[in-house]
Amino acid sequence: MALAASGNRYAGGPSPSGLADVLDLILDKGLVIDLYVRVSLVGIELLTIDARIVVASVDTYLRFAEAVGRLNIADDDKQGLPELMENMTSGGAKSKTSGALDAAKEKIGGIFDDDEDDDGEKEKEPARKERPRRSRRREESSE
Amino acid sequence: MRQQTDVAAAAVAEPAAAAVYVYGVTRRAPQTVRGEVAGLSGDHAPVRAIEGGELTALVSDVPADWHAASRKDVAAHDRVLSELMREQTVVPMRFGIVLPSEVAVRERLLQRHGGELTALVDRLEGCEQMSVKAYYENEALLRAVLARRPELKQRADELEKLPVARTQRERIALGQEVAGAIAEQRSLDERALVAPLTGPVEELQVDAGASEQHLATVQLLVRRERRPELDAAVKRLADEYSQRIAIRYVGPLPPYSFCAFALEEEPQPWA
């Protein structure tokens, strides 16, 4: 079936983990003696926390306004999401939100930027599926 | 935009030559530690074992010029633990645990916390962590909300015809209701996701979604011999919800999520 063709999707069994899959576990979970012992990690801690605050502090009203605007797209299959976002009167909400998220990601990404062993790992969200239309081929590169 | 300089500046550790980085704790020294697992800085700091009482800590020397964590170090931490867990049960430390000396590892970790660590190894014996990540497909969340609450869409349509300036309060109120309905739908979906996974596992944790598209990640502690049952349950789940929710199933992992606590509540300077 079509879903199995996509690499990041469930394909009949578990996938080996990439660094992106386990990064938050390695940094946030696991056994600690106490936080003092984690002293060498001060830099990374600050950046992680910082990034979370940026994401969390996106203005509440803008989020609500955005939600209202998005109600219009649910029965409209002709337009793709990005065009609708641009057309919305409250479109600023979405761009501000994703802007903040991108900034946060960039920040986290920056920690690892210096490394030469760039194996190109990205957050492995499963590739977005197009709207359910059986005949259509799903290409990962469509985004 | 380079963050690395800031990271380096913020890192206060100046590890002495004797300092050791701790990956995890096992019951006895695994065969593979005999110089075959490369540690933090590759072959220069192979993983070695420090024994104390009935337990073994897996460590490597902290490279003299090691100031701050990089992606490579984080990957090394996971690689070492993943290799070791193939051989026996490992209690994984969080990334970045550095103790000042071998003696500190023995006394401060293995001896002082021997009881807790032994209990933890027992609890994890024969188990591995698996991870089920669930993501909404394009707008699947909003579609589900509208299917359950069609009146929200009607009210939005009516508001759309009125000037924004005069209906701001109504728009915010509706927005709040939509946000509430979305939260409700997420928790319904989360329950539907978790319920079929509880059977085959010893323990289970739900990590809340990190974005609107990310429904949740379920961390599962499963006995190795029950993995086929879990795999089958995940497959059924993925098939059943394939129109709405994409599943990414990852593992086996060192059981990070099931060792996520501090042995000592109060920081106790040891220097």
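These notes cover the structure that comes with them.

Cut-offs applied
- Residues numbered from 1 in each chain as written.
- Chains lettered and ligands numbered in written order.
- Predicted model: local features only at pLDDT ≥ 70, side-chain atom pairs only at ≥ 80, totals over all residues.
- Heavy atoms only, no water.
- Helix = DSSP H or I, 4+ residues; strand = E, 2+ residues; numbered from the N terminus.
- Contact = heavy atoms within 4.5 Å.
- Polar contact = N/O pair within 3.5 Å; in protein donor to acceptor, adjacent residues only side chain to side chain.
- 1 Å grid on protein atoms, 1.4 Å probe; cavity = no way out; pocket = protein on both sides within 12 Å on 5 of 7 lines; lining within 4 Å.
- Points joined across faces, edges and corners; volume = space filled by probe spheres on them.
- Nonpolar A, V, L, I, M, F, W, Y, C, P; charged D, E, K, R; others polar.
- Buried < 20%, exposed > 50% of the residue type's maximum accessible area, 1.4 Å probe, protein only.
- Salt bridge = Lys/Arg side-chain N within 4 Å of Asp/Glu carboxyl O.
- Core = buried A, V, L, I, M, F, W, Y, C linked by side-chain atoms within 4.5 Å.

**Thoughts on the side chain of B:Arg227**
- The residue B:Arg227 is located in helix H8 (residues 227-240) in this model.
- Sequence-distant contacts of B:Arg227, that is, excluding residues within four places in its chain, are made with A:Pro14, B:Glu128, B:Met130, B:Val222, B:Tyr249 and B:Pro252.

**Focus: the side chain of B:Gln129**
- Topologically, B:Gln129 is positioned in strand E8 (residues 127-136).
- Here the side chain of B:Gln129 touches B:Tyr256 through a polar contact of 3.0 Å, landing on its backbone nitrogen.
- B:Gln129 has contacts with A:Leu25, B:Gln219, B:Leu220, B:Gly251, B:Pro252, B:Leu253, B:Pro254, B:Pro255, B:Tyr256, B:Ser257 and B:Phe258, leaving out every residue within four places of it along the chain.

**Description of empty space enclosed by the protein**
Residues and elements named next belong to chain B.
- Within the structure shown, the criterion is met by three cavities of 30 Å³ or more.
- As a volume, the second largest cavity reaches approximately 40 Å³.
- Lining the second largest cavity are Met85, Gln88, Thr89, Val90, Cys127, Arg224 and Pro255.
- Residue composition of the lining of the second largest cavity, grouped by class: four nonpolar, two polar and one charged.

**Side note on helix H1 (residues 19-28) of chain A**
All names here are of chain A.
- Of all ten residues in H1, eight are buried, a share of seventy percent or more.
- The complete set of buried residues in H1 reads Leu19, Ala20, Asp21, Val22, Leu23, Leu25, Ile26 and Leu27.
- Of the residues one or two after H1, glycine 30 is the one with positive phi, at around 85 degrees.

**As for the pattern of salt bridges**
All names here are of chain B.
- Tallying each qualifying case throughout the model produces 21 salt bridges over all chains.
- A salt bridge links arginine 108 to glutamate 264; the nearest nitrogen and oxygen atoms lie 2.7 Å apart. Of this pair, arginine 108 sits in helix H3 (residues 102-111) while glutamate 264 is found in the segment after strand E11 (245-253), placing the two residues 156 residues apart along the sequence.
- Residue class for glutamate 264 comes out buried when judged on its relative accessible area of 7%.
- Glutamate 177 is the partner of arginine 149 in a salt bridge, and the nearest nitrogen-oxygen pair spans 3.3 Å. With a gap of 28 residues between them, arginine 149 in the loop between helix H5 (140-148) and helix H6 (150-160) and glutamate 177 in helix H7 (residues 168-194) connect regions that are remote in the sequence.
- Each of Arg48, Asp61, Glu102 and Arg106 takes part in one network of salt bridges that share partners.

**Details of the environment of B:Ala156**
- Mapping B:Ala156 onto the fold places it in helix H6.
- Separated by 15 residues in the primary sequence, B:Ala156 and B:Arg171 have C-alpha atoms spaced 8.0 Å apart.

**Notes on the nonpolar core**
- Counting 33 residues, the largest nonpolar core has B:Val132, B:Leu193, B:Leu197, B:Leu230 and B:Ile247 as the members making the most contacts within it.
- Looking at this core, the elements that each hand over two or more residues are E8, H5, H6, H7, strand E10 (214-223), H8 and E11 of chain B.
- Here B:Leu193 is in contact with B:Val132, B:Ala134, B:Leu215, B:Ala216, B:Val218, B:Leu237 and B:Ile247, once residues within four sequence places are set aside.
- Among the nonpolar cores identified, the runner-up in size contains 27 residues, and A:Leu31, B:Met93, B:Leu99 and B:Ala104 belong to it.

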